[in-house]
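# Structural features, examined
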Amino acid sequence: MNYSDLNEDFMYRCFQLALLGKGFVAPNPMVGAVLVHNNIIIGEGFHERFGHAHAEVNAIHSVAESSKHLIPKSTLYVSLEPCCFHGKTPACTSLILDHKISRVVISCLDNTPEVAGKGVEILKKAGVEVITGFLEEQGKNISRQRSVIVEKKRPYVILKYAQTLNGKFATLDKHQKWITSSLTKRLVHKWRSEVDSIMVGTNTALSDNPSLTNRLYYGSSPVRLVLDRKLSLAPDLNLFHDNHPTIIVTEKIPKQLPAYKNQNLSLLELPFHDRLLRRILKHLLSQNIGTLMVEGGIQLINSFIEQGLWDEARVLIGNVHWKEGQDAPEIPEKTFFRKKIAKEDLVLFYKS
Ligand code: AOF
Ligand code: ZN
């Protein structure tokens, strides 16, 4: 077969479109699709929201009435293998066959057990020309969160923290002292807009009194989680101030609750033993919460690390040097990427 007319730019466009779904689609994957006729895009779309139409559906429906007759003669580029079962929405393979699209170019396969190569097989059996593995590594990166969710049956976990140049994380007396600049704070709020949930331990809730909402970037705020074994956290903490969805994980829900003002507060009762984090993650995924960012403190982050319950770590290295302080966690991963962000460095680790 001659694939000389395949154009990487169209797949890169799929990736761009896919990323527009960041923060809205987990635990589903981010997916982008474009329909190309004679080197011209006649339709494009992406998976915009969990449970809503898939990228292929949006791409096909975006084609102008006057171009509809071109669909069977077009090539569909898609960043992920088209699904072949009826989940929350109908199978994309059926849609592709109904529209008699003759060629489909796929970046990477979908590791969802119901799909995993079967989407490609169905299309091929029906006579569609299918090319797979086109810019595969880039496609896999975009689908990484989803692949981890399917493989590990838990949300994708991002550890986030800041440390000083000499590896200090917090002050010894636990009073809050900023390590990073205000510009970086904005970036952190952007990250908050991109995850479904965010978590802190009891000590951080007390000493930093964080709100954990996204206030400095557009988009939504994640569901907040806080560990409070004995329900000792005061109801007037910032975490409980507004009506943003918040989950308190506690050991025993008492008959008489503290006087929380938050109208969207729920309590999750779980035994505080060594499987606690696993059970919290399981609960989150059962609620279709696909991503969790852990924002501290040291004890909680170290527990996630020790139990191997993490997938990505974002470590901000502030441009300061503290004489004393608590040591920052150590990420057990040799490979990392380092880049400059405002006045500090961002070091990114991906669990292999
Ligand atoms: C695609 N295109 O844009 C996305 C796909 O429950 P549903 O209906 O949303 O279907 C879930 C399945 O579809 C699952 O295999 C997931 O990986 C895939 N997502 N597939 O063809 C898309 N978002
Ligand atoms: Zn689909």
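### Quick word on the environment of Asn28
- For Asn28, the location among the structural elements is in the loop between helix H1 (8–19) and strand E1 (32–37).
- Through-space distance from the C-alpha of Asn28 to that of Arg49 is 8.8 Å; in sequence the pair is 21 residues apart.
- Excluding its chain neighbours within four sequence positions, the residues that come into contact with Asn28 are His47, Phe50, Gly51, His54 and Arg146.

### Details of the nonpolar core
- Formed by 36 residues in total, the largest nonpolar core has its most connected members in Leu159, Met199, Val249, Ile280, Phe304 and Ile331.
- In contact with Met199, not counting residues within four places along its chain, are Leu225, Leu227, Leu277, Ile280, Leu292, Met293, Val294, Glu295, Gly296, Leu300 and Phe304.

### Looking at the pattern of salt bridges
- Applying the stated criterion across every chain yields a total of 17 salt bridges.
- A salt bridge links Arg103 to Asp5, with the shortest nitrogen-to-oxygen separation between them at 2.6 Å. Taken together, the residues span a long stretch of sequence, with Arg103 in strand E4 (residues 103–108) and Asp5 in the segment before H1 at a distance of 98 residues.
- Glu312 serves as the salt-bridge partner of Arg314, at 2.8 Å between the closest nitrogen and oxygen.
- Sharing partners across several salt bridges, the network here consists of Asp5, Arg103 and Glu129.

### Here's the deal with empty space enclosed by the protein
- The tally for this structure, following the rule as stated, stands at one cavity of 30 Å³ or more.
- The computed volume of the largest cavity comes to approximately 110 Å³.
- Along the walls of the largest cavity sit 15 residues, with Val25, Ala26, Asn28, Met30 and Gln145 positioned nearest its centre.
- The greatest single-element share of the lining of the largest cavity, amounting to three residues, is contributed by helix H6 (residues 144–152).
- Each of domain 1 (8–146) and domain 2 (153–350) contributes no fewer than three residues to the lining of the largest cavity.

### A short note on helix H9 (residues 276–286)
- Looking only at H9, the buried set comprises Leu276, Leu277, Ile280, Leu281 and Leu284. Buried residues of H9 fall within an arc of 135° about the axis and therefore sit on the same side.
- Next to the buried residues of H9 lie strand E6 (156–163), strand E8 (197–200), strand E9 (223–227), strand E10 (246–250), strand E12 (291–294) and helix H10 (298–306).
- Just beyond H9, the residue with positive phi is Asn288, at close to 60°.

### A short note on the coordination of the zinc ion (ligand 2)
- In the first shell of the zinc ion (ligand 2), the protein supplies His54 (ND1), Cys83 (SG) and Cys92 (SG), at 2.0 to 2.2 Å from the metal.
- One can describe the donor arrangement at the zinc ion (ligand 2) as tetrahedral, given that its four donor atoms subtend angles of 99 to 118° at the metal.
- One chain supplies every donor for the zinc ion (ligand 2), spaced along it as H-x28-C-x8-C.
- Owing to a relative accessible area of 8%, Cys83 belongs among the buried residues under this scheme.

### So, the pairing of E12
- Alternating residues of E12 divide into Thr291 and Met293 and Leu292 and Val294, and every residue in both groups is buried.
- Judged from the four bridges that link them, E6 and E12 form a sheet pairing that is parallel. Each bridged residue has a counterpart across the sheet, and for Leu159 the counterpart in E12 is Val294.

### A few points about the domain arrangement of the protein chain
- Partitioning the protein chain into structural domains gives domain 1 (8–146) and domain 2 (153–350).
- One C-alpha centre belongs to domain 1, the other to domain 2, and the line joining them spans 34 Å.
- Between domain 1 and domain 2 lies a buried interface of about 880 Å² when both sides are counted; carbon and sulfur atoms form 55% of it.
- Linking domain 1 to domain 2 there are zero salt bridges.

### What to know about the site of ligand 1
- Residues in close proximity to ligand 1 total 19 residues, the closest being Ala55, Glu56, Lys88, Thr89 and Asp110.
- In this structure, Cys83 approaches ligand 1 through a main-chain N or O atom, which is 2.9 Å from an oxygen atom.
- With respect to ligand 1, the side chain of Arg146 contributes an N or O atom lying 3.3 Å from an oxygen atom.
- Here ligand 1 loses 97% of its free accessible area of 510 Å² to cover by the protein chains.
- Along the lines of polarity and charge, the residues of the shell around ligand 1 split into eight nonpolar, six polar and five charged.

Cut-offs and rules
Residues numbered from 1 in each chain as written. Chains lettered and ligands numbered in written order. Predicted model: local features only at pLDDT ≥ 70, side-chain atom pairs only at ≥ 80, totals over all residues. Heavy atoms only, no water. Helix = DSSP H or I, 4+ residues; strand = E, 2+ residues; numbered from the N terminus. Contact = heavy atoms within 4.5 Å. Core = buried A, V, L, I, M, F, W, Y, C linked by side-chain atoms within 4.5 Å. Buried < 20%, exposed > 50% of the residue type's maximum accessible area, 1.4 Å probe, protein only. Salt bridge = Lys/Arg side-chain N within 4 Å of Asp/Glu carboxyl O. 1 Å grid on protein atoms, 1.4 Å probe; cavity = no way out; pocket = protein on both sides within 12 Å on 5 of 7 lines; lining within 4 Å. Points joined across faces, edges and corners; volume = space filled by probe spheres on them. Domains from an automatic or database assignment. Arc of directions from axis to C-beta. Donors = N, O, S within 2.8 Å, 3.2 Å for Na, K, Ca; no water. Tetrahedral: all angles 85-135°; square planar, octahedral: opposite > 155°, others 65-115°. Pairing = 2+ DSSP bridges. Buried area = accessible area lost by both parts, 1.4 Å probe. Near = heavy atom within 4 Å. Polar contact = N/O pair within 3.5 Å; in protein donor to acceptor, adjacent residues only side chain to side chain. Areas by Shrake-Rupley, 256 points an atom, 1.4 Å probe, with all protein chains shown as cover. Nonpolar A, V, L, I, M, F, W, Y, C, P; charged D, E, K, R; others polar.

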